[in-house]
Amino acid sequence: MDFDGDVEENTRRMQVRFVTRLRPPYKAPTTSIAIPANITRMGLSAVVNNLLKAGNSDWTPEPFDFLIDGELIRMSLEEFLLAKGISAEKVLEIEYIKAMAPRKEEEPSLHDDWVSAVDGSNPGLILTGCYDGLGRVWKAVGMCTHILEGHTDAITSVAIINSKVVGGVTDLPVATASKDRTLRLWKFDIGDAVNQPTKIRTCKILRGHNASVQSVVAQPSGDMVCSSSWDCTIKLWRINDYDVEDDQVAIKKRKTGKADNELQTEGEAVTTLVGHTQCVSAVVWSQHETVYSVSWDHTIRSWNPETGKDTLNMFCGKVLNCIDVGGESSSLIAAGGADPILRVWDPRKPGSSAPIYQFSSHTSWISACKWHNTSWFHLLSSSYDGKVMLWDLRTAWPLAVIDSHKDKVLCSDWWKGDSVISGGADSKLCVSTGVSV
């Protein structure tokens, strides 16, 4: 078969065969065809859509990405083969996958101030933190069901801890961190059907940091949370005791000042991890039960929560704002900070602090990064340049650029596996859906 497309008659051609791991109706015939050597990704996508439509008259065209030898094509086919030293004399096998670009931009959910924190780990809701000191729970786009009221300064970080079903009622514990130097624990019934947002009071206040708390994450088991602060420390807090109805293990009780005199409890950290010399801007608790941290002191550290000792101290030469651990075997470290470059390290390679990947399409500081929880290849980043970018380790160019915000993007996350959520200085929570991973 010969495919002309919109190219000149004298353009050199090469023989290719399209293959895919996608299921029908996405499978095109695997017979070899001749295509122009200077064809780009958009042209390749048009070819595959024509092949699919030839076998299915009801086919609706959609975008695809393409790989040769496991690497994504982001230039003309001829340029790609030349750059990789691949011969065009034989029939090339090109794999196609669904393009990762979002299919739809939802209407933004408005807040009263900067949206500084977001957690999309629960597919049934989105948790946000705001500079107005309130946490908000969104059951759907534009539908706020719960307001977490209690902090006296901006919320900097939020974390959904886990879900427990007790007597048919699903109680969801969450944690928030704030510039008011405290963390707060909350619990509410996610099954509540409400016509207007319900105000939720704090279950427990965690005090101990001497400066703004910058980050909070939950242990995978849900028994503890970890926090980091401008006071250069990381603290571990045991939280399972606040599920006890009478809170017998609480350190002390105090009145909330509310009309019904409801009691709150306070907790102390069980461990303090010391080693960083400047603000510890972010922490993550990996599936391997290791705590990772990044700091303005230009280092990435990993910690053993049992011993309190650091097991990795890697100097990176840059102020770092965000970190996540994922990728192959959940072992790759992604981090960003005070330059436009998102970097990825493999700590399993001893003796080297050089990143194994660098992505440099942003134009300002990186504010957040997050691995996809079911893919070794995909991660996202957000930046003060107002953009969220979706990345694949198999190419240095972003798969998609989401430009929903009109100001700095301060936080971002995946949601439901196929959506991207982000918050920014434009006071908006934005949701982009239909991302194929």
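Residues numbered from 1 in each chain as written. Predicted model: local features only at pLDDT ≥ 70, side-chain atom pairs only at ≥ 80, totals over all residues. Heavy atoms only, no water.

Some details on the overall build of the protein
Reasoning step 1: Summing up its helical and strand segments, the protein has two helices and 38 strands in all.
Reasoning step 2: Sequence-distant contacts in the protein: of pairs separated by 6 or more residues, those separated by 24 or more amount to 51%.
Reasoning step 3: Total accessible area on the protein stands at roughly 19,500 Å², and carbon and sulfur atoms take up 48% of it. (Helix = DSSP H or I, 4+ residues; strand = E, 2+ residues; numbered from the N terminus. Contact = heavy atoms within 4.5 Å. Areas by Shrake-Rupley, 256 points an atom, 1.4 Å probe, with all protein chains shown as cover.)

Re the sheet that holds strand β35 (residues 400-402)
Reasoning step 1: Ordered in space as β32-β33-β34-β35, the four strands form an open sheet in which the pairing is antiparallel. Edge positions in the sheet fall to β32 (366-371) and β35, since each has one partner strand and no second. Each strand of the sheet is rotated relative to its neighbour by a mean of 20°, with strand direction disregarded. (Pairing = 2+ DSSP bridges. Axes fitted to C-alpha atoms, helices over the stretch in contact; angles between N-to-C directions.)

With respect to helix α2 (residues 77-84)
Reasoning step 1: Taken as a whole, α2 has its buried residues at Leu77, Phe80 and Leu81. Take α2 and look down its axis: the buried residues cluster within an arc of 95°, on one side only. Seen from the buried face of α2, the exposed residues on the opposite side, beyond 90 degrees, are Leu82 and Ala83.
Reasoning step 2: Residues of α2 that are buried in the fold lie against β1 (13-19), β2 (33-36), β3 (64-68), β4 (71-72) and β5 (92-98).
Reasoning step 3: Downstream of α2 by a residue or two, glycine 85 has a phi angle that is positive, lying close to 65°. (Buried < 20%, exposed > 50% of the residue type's maximum accessible area, 1.4 Å probe, protein only. Arc of directions from axis to C-beta.)

Here's the deal with the packing of aromatic side chains
Reasoning step 1: Per the stated rule, a full pass over the model turns up 10 aromatic pairs.
Reasoning step 2: Seen in terms of ring centroids, tyrosine 357 and phenylalanine 359 are 6.3 Å apart; in terms of plane orientation they differ by 5°. Their pairing is stacked.
Reasoning step 3: Residue class for tyrosine 357 comes out partly exposed when judged on its relative accessible area of 30%.
Reasoning step 4: The exposure class assigned to phenylalanine 359 is buried, which follows from its relative accessible area of 2%.
Reasoning step 5: Members of the aromatic cluster, connected to one another through ring pairs, are Phe18, Tyr26, Trp59, Phe64, Phe66 and Tyr96.
Reasoning step 6: The ring of phenylalanine 377 is capped by arginine 394, whose NZ or CZ atom sits 4.0 Å from the centre of that ring.
Reasoning step 7: We note lysine 416 situated over the ring of tryptophan 415; from NZ or CZ to the ring centre the distance is 4.3 Å. (Phe/Tyr/Trp six-rings, centres within 6.5 Å; stacked < 30°, edge-to-face > 60°. Lys NZ or Arg CZ within 6 Å of the ring centre and 35° of its normal.)

What to know about the pattern of salt bridges
Reasoning step 1: Following the criterion strictly, the structure yields 16 salt bridges and no others.
Reasoning step 2: One salt bridge in this structure joins arginine 136 and aspartate 132, with 2.7 Å as the shortest N-O distance.
Reasoning step 3: Since its relative accessible area comes to 6%, arginine 136 is described here as buried.
Reasoning step 4: Residue classification places aspartate 132 among the partly exposed positions, given a relative accessible area of 27%. (Salt bridge = Lys/Arg side-chain N within 4 Å of Asp/Glu carboxyl O.)

A few points about the pairing of strand β37 (residues 419-424)
Reasoning step 1: Within β37, six of the six residues are buried, leaving the element largely enclosed by the surrounding structure.
Reasoning step 2: Here β37 shows no split at all, with Ser419, Ile421 and Gly423 on one side and Val420, Ser422 and Gly424 on the other all buried.
Reasoning step 3: Relative to β37, strand β36 (residues 409-415) runs antiparallel, the two being bridged by six bridges. Bridge pairing in β37 places tryptophan 415 opposite serine 419.
Reasoning step 4: What sits between the antiparallel neighbours β36 and β37 is a turn of three residues, in which lysine 416 has the positive phi angle 60°.
Reasoning step 5: Relative to strand β38 (residues 428-433), β37 runs antiparallel, the two being bridged by four bridges.

Digging into the nonpolar core
Reasoning step 1: Residues Val16, Phe18, Phe64, Phe66, Leu77, Ile94 and Tyr96 are the most contacted members of the largest nonpolar core, which totals 27 residues.
Reasoning step 2: When contributions to this core are tallied by element, the ones reaching two or more residues are β1, β2, α1 (41-55), β3, α2 and β5.
Reasoning step 3: Looking at which element gives the most residues to this core, the answer is α1, with five residues.
Reasoning step 4: Sequence-distant contacts of tyrosine 96, defined by excluding residues within four places in its chain, comprise Phe18, Val19, Thr20, Leu22, Tyr26, Lys27, Ala28, Val48, Leu52, Phe64, Asp65 and Phe66. (Core = buried A, V, L, I, M, F, W, Y, C linked by side-chain atoms within 4.5 Å.)

Describing the side chain of threonine 395
Reasoning step 1: Tracing the sequence through the fold places threonine 395 in the loop between β34 (388-392) and β35.
Reasoning step 2: There is a polar contact of 3.4 Å between the side chain of threonine 395 and the backbone nitrogen of tryptophan 397.
Reasoning step 3: Setting aside residues up to four positions removed in sequence, threonine 395 forms contacts with Leu72, Arg74 and Phe359. (Polar contact = N/O pair within 3.5 Å; in protein donor to acceptor, adjacent residues only side chain to side chain.)

A word on the environment of threonine 156
Reasoning step 1: In this structure, threonine 156 sits in strand β12 (residues 155-160).
Reasoning step 2: Residue class for threonine 156 comes out buried when judged on its relative accessible area of 15%.
Reasoning step 3: Distance in space between the C-alpha atoms of threonine 156 and valine 115 is 9.0 Å, their sequence separation being 41 residues.
Reasoning step 4: Discounting residues that sit within four places of it in the chain, threonine 156 has contacts with Ser116, Ala117, Ala177, Ser178, Lys179, Ser212, Val213 and Gln214.
Reasoning step 5: At a separation of 2.4 Å, a polar atom in the side chain of threonine 156 contacts the main-chain carbonyl oxygen of valine 213.

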